[in-house]
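Residue-level listing of the chains:
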Amino acid sequence: MASRLLITNIKKLAGIETADLLFKAGKAMSELETIDNAFLLIEDGKIKSFGPEINNMAQYPEFEDCIVINAGGGMVFPSFCDSHTHLVYAGSREIEYIDKIKGLSYEEIAKRGGGILNSSKRLHDATEDELTEQALARLNEIITYGTGAVEIKSGYGLNTEDELKMLRVIRRLQAISPLTIRATFLGAHAVPEEYKGKQDEYVDLIINEMIPVVAAGHMADFIDVFCDRGFFTPEETEKILMAGIKHGMKPKIHANELDYSGGIQVGVKYDALSVDHLEYTGDEEIEALLGSETMPTLLPGAAFFLNMVHAPARKMIDAGLPIALASDFNPGSSPSGNMQLILSMGSIMFRMTPEEAINACTLNGAYAMGVSDELGSITVGKTANVFITKPIPSLAYMPYAFGSNKIETVILNGQVIQVR
Ligand code: NIG
Ligand code: FE
């Protein structure tokens, strides 16, 4: 018999979309369809139907044999889709954080062998079991904050063996976690110590050795490059993206976090699914993005933590662009994967309206990780990843009440998840 879950007494069901809409851009980002006093029916892990609640629902044949969850006047949202994280890592880096407080920049810390290279050493020394255990704890935590799908990058390996180790950990997480997980190969995250002064040789290693083995093992969905001042140039990025595309991996890149690096234009040229960070976005970059299928993705957690200039989100939306928001969960620039906080930051730092910020964290995030045909909205037939909030006064309360967990019940793949 089909397993059926009926959620009743929903104060507001938010994020309703038609199946054909894969993302929202410009003015449409401020539209968020809702139904007041609603029900939601889930069957075999998928959204089956929804609508305004009717009296004595149990009397209707379509609601027979349902497990009933009374939302108690809470609201229901599609789960967040966090399209950019580095959450497989060993240990934390709060020592550098103190350096940062004392005034060192992200680049200065990186030059001293801190930053990504520090995480790389520690990842090398950690076993796959240790990495899986640490990452699983992070996944379990983000579930409690409402995430239902997450992209995870490699990029702390920086040699073939350790990059594969990270990707194997991601594969294990896919098997044991109820979250939908997508994997990205980020060999070009930084130049490792032993290739200092020989960056071109490291790029060759990525292209000739890493990409072919990653692709042969079907270890990654996407290919990423940190295309920015002091990291990888647009020319190097092009070469790496071309090799990745040849091996079936769609680009999804780090760009314009530290400068007008040309990264956004390279991403668009190679039809990247997303270009991420974008603190340095000017008229030319906006022009390049308009009309493309590339999702501009902003990471307010990193901008907040590193005290960076803010991406011009308002200008981008007003120019007609879509925006996704993601956590960038990583030990160096954003040690949090709490998407409720990201929602608030989008609204507070980027002046996005609650509706825009919710679309950016749900449907547009789903697009940026290639899953918006199955996740990111309340749509009949989509996978039932939703959360029920505590009783809250309004939709705007979600971004407004930053820092508190507004979620009471999490449902992933139609199953109630025990939130610890
Ligand atoms: O997205 N910008 C590059 N990479 C990460 C930081 C990774 C780290 O510092 O460990 C980011 O912010
Ligand atoms: Fe990142």
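Residues numbered from 1 in each chain as written. Chains lettered and ligands numbered in written order. Predicted model: local features only at pLDDT ≥ 70, side-chain atom pairs only at ≥ 80, totals over all residues. Heavy atoms only, no water.

Applying the stated criterion across every chain yields a total of 11 aromatic pairs. The interplanar angle of 50° and the centroid separation of 5.2 Å between the aromatic rings of F80 and F387 together place this pair among those described as tilted. Of this pair, F80 sits in strand 6 (residues 80-82) while F387 is found in strand 14 (residues 386-389), placing the two residues 307 residues apart along the sequence. Note on F387: relative accessible area 1%, which makes it buried. (Phe/Tyr/Trp six-rings, centres within 6.5 Å; stacked < 30°, edge-to-face > 60°. Helix = DSSP H or I, 4+ residues; strand = E, 2+ residues; numbered from the N terminus. Buried < 20%, exposed > 50% of the residue type's maximum accessible area, 1.4 Å probe, protein only.)

Moving on: the side chain of T389. As for its placement among the helices and strands, T389 is situated in strand 14. The exposure class of T389 is buried, given its relative accessible area of 0%. Apart from residues no more than four positions distant in its own chain, T389 is found in contact with G74, M75, F77, M398, K406, I407 and E408. (Contact = heavy atoms within 4.5 Å.)

For the iron ion (ligand 2), the full set of protein donor atoms is H84 (NE2), H86 (NE2), H254 (NE2) and D328 (OD), at a range of 2.1 to 2.4 Å. For the iron ion (ligand 2), all donor residues lie on one chain, and their spacing in sequence is H-x1-H-x167-H-x73-D. Of this pair, H84 sits in the loop between strand 6 and helix 1 (94-101) while D328 is found in the loop between strand 13 (324-325) and helix 12 (339-350), placing the two residues 244 residues apart along the sequence. This pair shows no difference in class: H84 is buried, exactly as D328 is. (Donors = N, O, S within 2.8 Å, 3.2 Å for Na, K, Ca; no water.)

In contact at an axis separation of 10 Å, helix 4 (residues 128-144) and helix 5 (residues 160-176) are set at 50° when each is read in the N-to-C sense. Of the possible angle classes, the one that applies to helix 4 and helix 5 is oblique. Read as a crossing pair, helix 4 and helix 5 show a hand that is right-handed. When helix 4 is examined against helix 5, the residues E128, D129, L131, T132, A135, L136 and L139 are found in contact with a partner set consisting of K165, R168, V169, R172, L173 and I176. The residue makeup of the contact of helix 4 with helix 5, split by class, is 7 nonpolar, 1 polar and 5 charged. (Axes fitted to C-alpha atoms, helices over the stretch in contact; angles between N-to-C directions. Parallel < 35°, antiparallel > 145°, perpendicular 65-115°, else oblique. Left-handed = near helix turned anticlockwise from the far one by under 90°. Nonpolar A, V, L, I, M, F, W, Y, C, P; charged D, E, K, R; others polar.)

Considering all chains together, one arrives at 20 salt bridges under this definition. A salt bridge links E128 to R172, with the nearest nitrogen and oxygen atoms 3.8 Å apart. Of this pair, E128 sits in helix 4 while R172 sits in helix 5, and the two are 44 residues apart along the sequence. In this structure, the salt-bridge partner of D318 is R314, at a minimum N-O distance of 3.2 Å. Taken as a pair, D318 and R314 lie in helix 11 (residues 313-318) at a separation of 4 residues, close to a single helical turn. Relative accessible area serves as the criterion here: at 25%, R314 is assigned to the partly exposed category. Taken together, the shared-partner salt bridges in this structure form one network comprising E128, D129, R168 and R172. (Salt bridge = Lys/Arg side-chain N within 4 Å of Asp/Glu carboxyl O.)

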